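Observations on the three-dimensional arrangement
Here is how the chains run, residue by residue.
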Amino acid sequence: MYAHLIGTGSSVPERVLTNADLEKMVDTDSEWIETRAGIKERRITSDDEWVSDLATEAARKALEHAGMSPKELDLIICATVTGDTTMPSAASIVQYNIGAGGATYDLGSACPGFLYGLATAKAYIESGMFRNIMVIGAETTSKVVDFTDRNTCILFGDGAGAVVITATEEEGGIMEVEMESDGALGHLLYLPGMRQRIPVLREKDPVPLYVKMQGNDLFKYAVKSMADSSVKVLEKGGLGIDDIKYLIPHQANIRIIEATAKRAGVPLEKVLINIEKFGNTSSATIPIAFDEAVRDGRIQKGDALVGVSFGAGLSWGAVLFKWY
Ligand code: UT7
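This one's a predicted model, so the numbers in the text were calculated from it and none came from an experiment.

Pairing within the open sheet is mixed, and its four strands lie in the order E8-E13-E12-E11. A strand with exactly one partner marks an edge of an open sheet, and here the two such strands are strand E8 (174–181) and strand E11 (246–249). Strand after strand, the sheet turns through a mean of 10° between neighbouring axes, direction not considered. Of the pairings in the sheet, the one linking strand E12 (residues 304–311) to strand E13 (residues 315–322) comprises eight bridges and is antiparallel in character. The partner of Gly307 across the bridge, within E13, is Val319. Strands E8, E11, E12 and E13 of the sheet are contacted by helix H8 (residues 215–237), whose axis makes an angle of about 150° with E12.

The following block contains the structure:
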């Protein structure tokens, strides 16, 4: 059996936070944000809007697109590090909202979480364990960003994307996977939240609920790891750059995207970029960009694609797949 993506959907909050808005909140300027990060605006949830709300809307759209009933799902995986609650999982809340059956759990691997979800779905389907799986990437990063910290608050946004994956005998679908982590570099990007076990973090960090990031260091690791993963996953699949329609990179910074593409030898016209509209939505960047491109026709049936991401862990990876 092969794991084919057969439906996509996405959802972002209505509220737009522009660079001009941020100028009124922290010591920054619109031009700096646009030139240094490539972001013009991002979407921000209201106080009573949660990850499960965005994920539910994306899930409904993906099911409709796939022509599948929620009851047919065997499993919902929601990749998120900003779930409404630590428990139950966001995936369970989505299951209830859409009236699905099957199993649910959240996958906590920050930005590459959606790709790791695709890898998991591939393994389940190829082993014969499940037939129909929904993978969601959904985040409300605005709820864990310190809006007095200009190093982070200008970058992040909220959103969700979902795909429906099914078992078919037709070759293709999720073809190859490349995944790696380096836990020694975890201090470069972290969100302590309730995980207060590590005394050094507890002492250092008087505001435990916010994302802390060493942007400069991350930048270098991001470019190297995403470029290398893209090349490796293509090699595994026996394909070259010319064989893929698009590289769909994690949208963390336009300069990271451009440098990654250059290092991997991918021309920019083959790279999906939407960071200017949504900023960094962590696990949701890739499924949102994928959904946009499928729905506006840039991605067509049979197109080969590489999704590549990088983030906290540090963790990174790439997935080579074909749209059904
Ligand atoms: O999701 C995956 C994980 N995240 C990432 O991969 C993020 C990776 N890192 C980045 O995107 C970039 O490092 C940032 C966008 C965070 C920062 O850009 P940079 O070009 O690396 O800037 P920098 O940290 O080297 O700072 C350059 C200057 C500094 O001023 P001085 O010391 O040169 O006077 C900063 O204080 O820019 C200043 N600066 C700002 N100025 C205006 C930093 N943030 C801002 C800001 N507005 N928001």
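That shown, we press on.
The end-to-end C-alpha distance of helix H5 (residues 113–127) is 21 Å, a good match for the 21 Å that 15 residues give at a rise of 1.5 Å each. The buried fraction of H5 amounts to 11 of the 15 residues, a majority that puts the element mostly inside the structure. Every buried residue belonging to H5 is among Gly113, Phe114, Leu115, Tyr116, Gly117, Leu118, Ala119, Ala121, Lys122, Tyr124 and Ile125, and all of these are buried. The positive-phi residue at the C-terminal boundary of H5 is Gly128, with phi of around 90°.

Bringing the pattern of salt bridges into the picture now. All told, the structure shown has 12 salt bridges when counted by the stated rule. Across the pair Asp27 and Arg150 runs a salt bridge, and its minimum N-O distance is 3.8 Å. With a gap of 123 residues between them, Asp27 in the loop between helix H1 (19–23) and helix H2 (30–37) and Arg150 in helix H6 (residues 150–153) connect regions that are remote in the sequence. By relative accessible area, Asp27 is classed as exposed at 62%.

Here the focus is the packing of H8 against helix H9 (residues 254–264). Between H8 and H9, the least distance of the axes is 8 Å, while the angle of their chain directions is 40°. As judged from the angle between their axes, H8 and H9 are oblique. Once H8 is placed against H9, the crossing between them reads as right-handed. On H9, the residues touching Phe219, Ala222, Val223, Lys224, Met226, Ala227, Asp228, Ser230 and Val231 of H8 are Arg255, Ile256, Ala259, Thr260, Arg263 and Ala264. Residues that form the contact of H8 with H9 fall into these classes: nine nonpolar, two polar and four charged.

Further remarks concern the site of the ligand. The environment of the ligand is formed by 21 residues, the closest being Thr28, Arg36, Asn253, Arg255 and Asn280. Contact between the ligand and Arg255: an oxygen atom at 2.7 Å from a side-chain N or O atom of the residue. Calculation on the ligand without its partners gives an accessible area of 950 Å², and the protein chains cover 74% of this total. Elements with a contribution of two residues or more to the shell around the ligand: H2, H6, H8 and H9. Ranked by residue count, the leading element in the shell around the ligand is H8, at four residues. Split into classes, the residues belonging to the shell around the ligand amount to 11 nonpolar, seven polar and three charged. In this structure, the shell around the ligand is formed jointly by two domains, domain 1 (2–168) and domain 2 (174–322), each of which donates at least three residues.

This brings us to the domain arrangement of the protein chain. Assigned domains within the protein chain: domain 1 (2–168) and domain 2 (174–322). Here the C-alpha centroids of domain 1 and domain 2 sit 14 Å apart. Each partner contributes residues to the interface: domain 1 has 51 residues there, and domain 2 has 46 residues. Taking both partners together, domain 1 and domain 2 bury about 3,900 Å²; carbon and sulfur atoms supply 64% of that area. Summed over the three residues of domain 1 that lose the most area to domain 2, namely Cys111, Leu115 and Tyr116, the buried surface amounts to 17% of that side. Run the count over domain 1 and domain 2 and you get zero salt bridges. In this structure, the connection of domain 1 to domain 2 is made through 24 residue pairs in polar contact (both at pLDDT 80 or more). Looking at the side of domain 1 that touches domain 2 residue by residue, the class counts come to 24 nonpolar, 16 polar and 11 charged.

Conventions adopted
Going along each chain's sequence as written, the residues are numbered from 1 onward. Given that the model is predicted, a residue must reach a pLDDT of at least 70 before its local features are reported, and side-chain atom pairs must reach 80 or more before they are shown or counted; all residues, however, enter totals for whole chains, interfaces and linings. The side-chain numbers reported here are obtained from all heavy atoms of the structure, hydrogens and water having been left aside. Each pair of strands is called paired provided DSSP finds at least two bridges between the two strands. Put simply, DSSP H or I for four residues or longer makes a helix, DSSP E for two residues or longer makes a strand, and each gets a number counted from the N terminus. Note on definitions: angles span 0 to 180 degrees between N-to-C directions of axes, and those axes are lines fitted to C-alpha atoms, for helices only across the stretch in contact. Contact between two residues is taken to exist if any of their heavy atoms lie within 4.5 Å; hydrogens are not considered. In this analysis, the expected span of each helix is defined as 1.5 Å times one less than the number of residues it contains. Residue exposure (1.4 Å probe, protein chains only): buried if accessible area is under 20% of the type maximum, exposed if over 50%, otherwise partly exposed. Salt bridge, as used here: a side-chain nitrogen of Lys or Arg that lies within 4 Å of a carboxyl oxygen of Asp or Glu. Relative orientations are named as follows: roughly parallel for angles under 35 degrees, roughly antiparallel for angles over 145 degrees, roughly perpendicular for angles from 65 to 115 degrees, and oblique for any other angle. Left-handed describes a crossing whose near helix is turned anticlockwise from the far helix through less than a right angle; right-handed describes the clockwise counterpart. The nonpolar class holds Ala, Val, Leu, Ile, Met, Phe, Trp, Tyr, Cys and Pro. Asp, Glu, Lys and Arg form the charged class, and all remaining residues, Gly among them, are polar. To be near a molecule or strand, a residue needs just one of its heavy atoms within 4 Å of it. Whenever a nitrogen or oxygen atom comes within 3.5 Å of another N or O atom, the pair is scored as a polar contact, on the condition that within protein one atom can donate a hydrogen and the other can accept it, and that pairs from neighbouring residues in sequence are kept only if both atoms are in side chains. Values of accessible area rely on a 1.4 Å probe in the Shrake-Rupley scheme; residue burial ignores everything except the protein chains shown. Annotation comment: domain bounds sourced from an automatic or database domain assignment. What counts as buried area is the accessible surface, traced by a 1.4 Å probe, that two parts surrender upon association, with contributions from both included.

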